[in-house]
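Residue-level listing of the chains:
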Amino acid sequence: MYDEFLKKVKILETMDAYERQTVADAFVKHFFKKDDYVIKENEEGSEFYFIVEGEAVATKLIDGELKQVMHYKAGDYFGERALLKKEPRAANIIATSDELELVSLDKDSFNRLLG
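If you're wondering where the values come from, they're calculated on a predicted model, not measured in any experiment.

Q: I tried to follow the environment of A24 on my own but got confused; where do I start?
A: Looking at the secondary structure, you find A24 in helix α2 (residues 17-25). In contact with A24, not counting residues within four places along its chain, are Y2 and L6.

Written out as structure tokens, the structure reads:
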């Protein structure tokens, strides 16, 4: 189901069809509406996300002001830093399109399949 999508994700482009299917089997779907927070800065991270459809931005509190630091679109991913470094979330991720479709891997699946 996600094979074509996964071929376009930069960090996964070297995987073969079997490896991509193994990753896809572990995915959990998520849907968000415009202005919904997907993750919040400083929260504990437990999932790694891929954007299937839609757009989002990363915002971060810098010098007491909320600033946009990144823009995400289909094929982009986020959330890996909190899982790899066991640090709190580095930024907020907020849906900017009317609908945002994501798939995620939980911490255990991420470590087993990609870690």
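Q: Is there a simple way to explain the sheet that holds strand β4 (residues 56-62) in this structure?
A: By way of backbone hydrogen bonds, the strands of a sheet pair with one another, either parallel or antiparallel. Pairing is antiparallel across the open sheet formed by four strands, whose spatial order is β2-β7-β4-β5. Looking at which strands have only one partner, the edges of the open sheet turn out to be β2 (37-39) and β5 (65-72). Across this sheet, the average inter-strand angle for adjacent strands is 35°, counted without regard to direction. Here β4 runs beside strand β7 (residues 92-95); their pairing, made up of four bridges, is antiparallel. When the bridges of β7 are listed, T59 appears paired with N92.

Q: Just checking my understanding: could you explain unusual backbone geometry for this structure?
A: Trans peptide bonds make up most of the peptide bonds, and negative phi angles are found at most residues other than glycine. Even without being glycine, D35 reaches a positive phi, approximately 75°. Take D35: it is sitting in the loop between β1 (28-33) and β2. Its identity as a non-glycine residue notwithstanding, N42 has a phi of 75°, on the positive side. Structurally, N42 is set in the loop between β2 and β3 (47-53). Judged by its relative accessible area of 60%, N42 is exposed.

Q: Would you mind showing me how to read the packing of aromatic side chains here?
A: Overall, the coordinates contain nine aromatic pairs when judged by the stated rule. The interplanar angle of 70° and the centroid separation of 4.8 Å between the aromatic rings of F48 and F50 together place this pair among those described as edge-to-face. The residues F48 and F50 share a single accessibility class, namely buried. Ring centres 5.7 Å apart and planes at 65° place the aromatic pair F48 and Y77 in the edge-to-face group. Residue F48 is located in strand β3, and its partner Y77 is located in strand β6 (residues 77-78); the two are separated by 29 residues in the primary sequence. Residue class for F48 comes out buried when judged on its relative accessible area of 0%. Aromatic ring contacts, followed pair by pair, group Y2, F5, F27, F48, F50, Y77 and F110 into a single cluster. Seen from the ring of Y37, K40 lies directly overhead, with NZ or CZ sitting 5.3 Å from the centre.

Conventions used here
- Along each chain, numbering runs from 1 in the same order as the chain's sequence is written.
- Where totals are concerned, whole chains, interfaces and linings use all residues; where local detail is concerned, this predicted model gives features only for residues with pLDDT of at least 70, and gives and counts side-chain atom pairs only at 80 or more.
- The basis for the side-chain values is all heavy atoms of the structure; hydrogens and waters are excluded.
- Strands are runs of DSSP state E lasting at least 2 residues, helices are runs of H or I lasting at least 4, and numbering of each runs from the N terminus.
- Contacts: residue pairs with any heavy atoms within 4.5 Å of one another.
- Note on pairing: DSSP must find at least two bridges between two strands before they are called paired.
- A fitted line through C-alpha atoms serves as each axis, taken over the contacting stretch for helices, and the angle formed by two N-to-C directions is quoted from 0 to 180°.
- Burial status follows relative accessibility: with a 1.4 Å probe on protein chains alone, a residue under 20% of its type maximum counts as buried, one over 50% as exposed, and anything between as partly exposed.
- Side-chain rings of Phe, Tyr and Trp, where Trp is taken by its six-membered ring, are said to pair if the distance between their centres is within 6.5 Å; with planes under 30 degrees apart they count as stacked, over 60 as edge-to-face, and otherwise as tilted.
- In this scheme, Lys NZ or Arg CZ marks a charge over a ring once it lies within 6 Å of the ring centre and within 35 degrees of the ring normal.

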